[in-house]
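# A structural walkthrough
In case you want the letters, here they are:
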Amino acid sequence: MHVLIMGAGVAGVTAAWQLLEDGHEVSVVDRQAEAASETSFANAGLIAPGHAFAWASPKAAKILIKSLLSEDQPLRFKFRAEPALWRWSLQFLAQCTSERARRNTRIKHRLCRYAQQALQDLADRTGIAYDREQRGVLYLHRSQASLDRGIANMQILREAGQELEVVDRDRAVALDPALAPSRDKIAGGIYSPGDESGDACTFTRALAALCAWRGARFHYRTTIKGIEAGGDRIERVLTDQGELRADLYLLACGSYSPLLTRPLGERLSVYPIKGYSVTFPVDGANNPPTIGGVDEDNLCAYARLGDRVRSTAVAEFAGYDTGHSPDDFRSMLRALEDLFPAGADYRRPQYWACLRPMTPEGTPVLGRGRFENLYYDTGHGHMGWTMACGTARITADLIAGRTPDLPLEGLTLR
């Protein structure tokens, strides 16, 4: 069967690999010049089941309200006269209860653990090098009160089987000696030894090359203009380079997925949440971080990716705008330099902003909707790198008519 995948980010390319494994003919279409050029290009790099908490929570609701008065918040809401934003925001706020946050976290964590194993299997099989680091991830807290809240929150993941260790500042420094200069600025943290990090862009582009070698056709520099349906089936995809036809279609366009399904009468609860990242060379620095981590009090993630250090922070409800200025990175730079004063060459930043395709629940949309030959693999939010290999396997199973290894509760079209 010929499958046309719309989107060549980490979700689309890992799905292409799994479908090739099943013997399908695969084509991939993307508007960029190569794979992983948008959301998958410069993400945090953390593969983190140990941090698979749902974003929608009572705490998130309070932060969003504060952001209306101050832009110096890790979650920011910008007023826009856009019905889709208000509709999605109301759905998000409806998930910000303790009960729903707990349910969504359980579903998200289950998927992340499954997906991490799928990534490890694929990486071991292919031998792809992507600055992989498998010594765990540290979730740091600046104060004892913050650490106490983190310990209380982590219980849901412990109950689900996640190995987590509460550490004091001395143990944190032992795990990552680069924290020694800032030892007195942290109270401790939570260490997840099973978490890891790596460069999603490097991985995705290498995997795309392997897919092409195995016969997948990649239509780069090709912008999708629309999807045409007849009855309960998709008939073709219209692009600026002509039409593309297949037996089955897979939508993996991240934040842009709902724009393509809306004219078909199919509404996806996926909305772009803007994220910022900055990458520094390690050249000339004498004390870069050795493992990935998160500064929980500033919601700032960081990872060592070979000869680079990357930091990400901020989630901004700002529509489809990917613009940025140096001022947007001020808070994350301050937090990173505070933890690692000699961690990188901070004079040479590479700034980036992208759109994370978020659902209100924080879990992706998989499976079919109203069209029998259109499948979804979208809405991975800020954990697409962690989830992608797992959702690719699930998607391949659904297309093949196999029962997936995971229950699909909370993972299908709402």
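Attention here is on the structure that accompanies the text.

About the cut-offs
Residues numbered from 1 in each chain as written. Predicted model: local features only at pLDDT ≥ 70, side-chain atom pairs only at ≥ 80, totals over all residues. Heavy atoms only, no water. Helix = DSSP H or I, 4+ residues; strand = E, 2+ residues; numbered from the N terminus. Rg over C-alpha atoms; globule rule 2.2 N^0.38 Å. Buried < 20%, exposed > 50% of the residue type's maximum accessible area, 1.4 Å probe, protein only. Areas by Shrake-Rupley, 256 points an atom, 1.4 Å probe, with all protein chains shown as cover. Lys, Arg positive; Asp, Glu negative; His and termini not counted. Charge placed at Lys NZ, Arg CZ, Asp CG, Glu CD. Contact = heavy atoms within 4.5 Å. Phe/Tyr/Trp six-rings, centres within 6.5 Å; stacked < 30°, edge-to-face > 60°. Pairing = 2+ DSSP bridges. Axes fitted to C-alpha atoms, helices over the stretch in contact; angles between N-to-C directions. Arc of directions from axis to C-beta. Polar contact = N/O pair within 3.5 Å; in protein donor to acceptor, adjacent residues only side chain to side chain. Salt bridge = Lys/Arg side-chain N within 4 Å of Asp/Glu carboxyl O.

### Brief notes about the overall build of the chain
Helix and strand counts for the chain come out as ten helices and 20 strands. Against the 2.2 N^0.38 benchmark of 22 Å for 414 residues, the chain shows a C-alpha radius of gyration of 21 Å, consistent with a compact globule. Along the first, second and third principal axes, the C-alpha atoms of the chain reach 65 × 45 × 40 Å. The buried share of the chain, taken over its 414 residues, is 58%. Accessible surface for the chain amounts to roughly 16,500 Å². Of this, 48% is attributable to carbon and sulfur atoms. When the 49 basic and 50 acidic side-chain charges of the chain are each reduced to a single mean position, those positions are 3 Å apart.

### A closer look at the environment of A229
Topologically, A229 is positioned in strand β10 (residues 224-230). Placed 142 residues apart in sequence, A229 and F371 show a C-alpha to C-alpha distance of 8.3 Å. Setting aside chain neighbours within four positions, we find A229 in contact with I234, E235, L264 and F371.

### Structural notes on the packing of aromatic side chains
Taken as a whole, this structure holds 13 aromatic pairs when the rule is applied. Centre to centre, the rings of Y130 and F203 are 5.2 Å apart; their planes meet at 75°, and the pair counts as edge-to-face. Separated by 73 residues along the polypeptide, Y130 in the loop between α4 (98-126) and β5 (137-141) and F203 in helix α7 (residues 200-213) bring together distant segments of the chain. Given a relative accessible area of 1%, Y130 falls into the buried group. Residue F203 is classed as buried on the basis of its relative accessible area, which comes to 0%. Judged by centre distance (5.0 Å) and plane angle (80°), the ring pair of F280 and Y346 falls under edge-to-face. Placement of the pair is F280 in strand β14 (residues 271-281) and Y346 in the loop between α9 (330-339) and β18 (350-358), with a sequence separation of 66 residues.

### Here's the deal with the sheet that holds strand β12 (residues 242-244)
Here we have three strands laid out as an open sheet, ordered β10-β11-β12, and antiparallel in their pairing. What marks the edges here is a single partner per strand, and that holds for β10 and β12. Across the sheet, the axes of successive neighbouring strands diverge by a mean angle of 25°, strand direction being ignored. Bridge analysis of strand β11 (residues 233-239) against β12 gives three bridges, and the strand direction is antiparallel. Bridge pairing links V237 to L244 in β12.

### Some remarks on the sheet that holds strand β9 (residues 217-219)
Strand order in the open sheet formed by six strands is β9-β2-β1-β13-β20-β19, and the pairing between neighbours is mixed. The strands lining the two open edges of the sheet, one partner per strand, are β9 and β19 (365-368). The mean angle between the axes of side-by-side strands here comes to 20°, regardless of whether they run parallel or antiparallel. Judged from the three bridges that link them, strand β2 (residues 25-29) and β9 form a sheet pairing that is parallel. For V29, the partnering residue across the bridge sits in β9 and is H219. In the packing of helix α1 (residues 10-21) onto the sheet, contacts are made with β1 (2-6), β2, β9, β13 (248-251) and β20 (374-378), and the angle to β1 comes to roughly 170°. Each of β13, β19 and β20 touches helix α10 (residues 384-400); the most contacted strand, β20, lies at about 170° to it.

### Points about α9
Along α9, the residues that are buried comprise M332, L333, A335, L336 and L339. An end-on view of α9 places all buried positions within 165° of arc, on one side of the element. Looking at the buried residues of α9, the elements they touch are β5, β14, β15 (292-295), β16 (300-305), β17 (308-317) and β18.

### Comments concerning the environment of R308
Looking at where R308 falls in the secondary structure, it is placed in strand β17. Linking R308 and D345, residues 37 residues apart in sequence, is a C-alpha distance of 9.3 Å. At 2.9 Å, the side chain of R308 and the side chain of D199 are in polar contact.

### Some remarks on the pattern of salt bridges
All chains considered together, the criterion is met by 33 salt bridges. The salt bridge involving R142 is made with D295; its shortest N-O contact spans 2.7 Å. Of this pair, R142 sits in the loop between β5 and α5 (144-159) while D295 sits in strand β15, and the two are 153 residues apart along the sequence. The class of D295 is buried, set by a relative accessible area of 1%.

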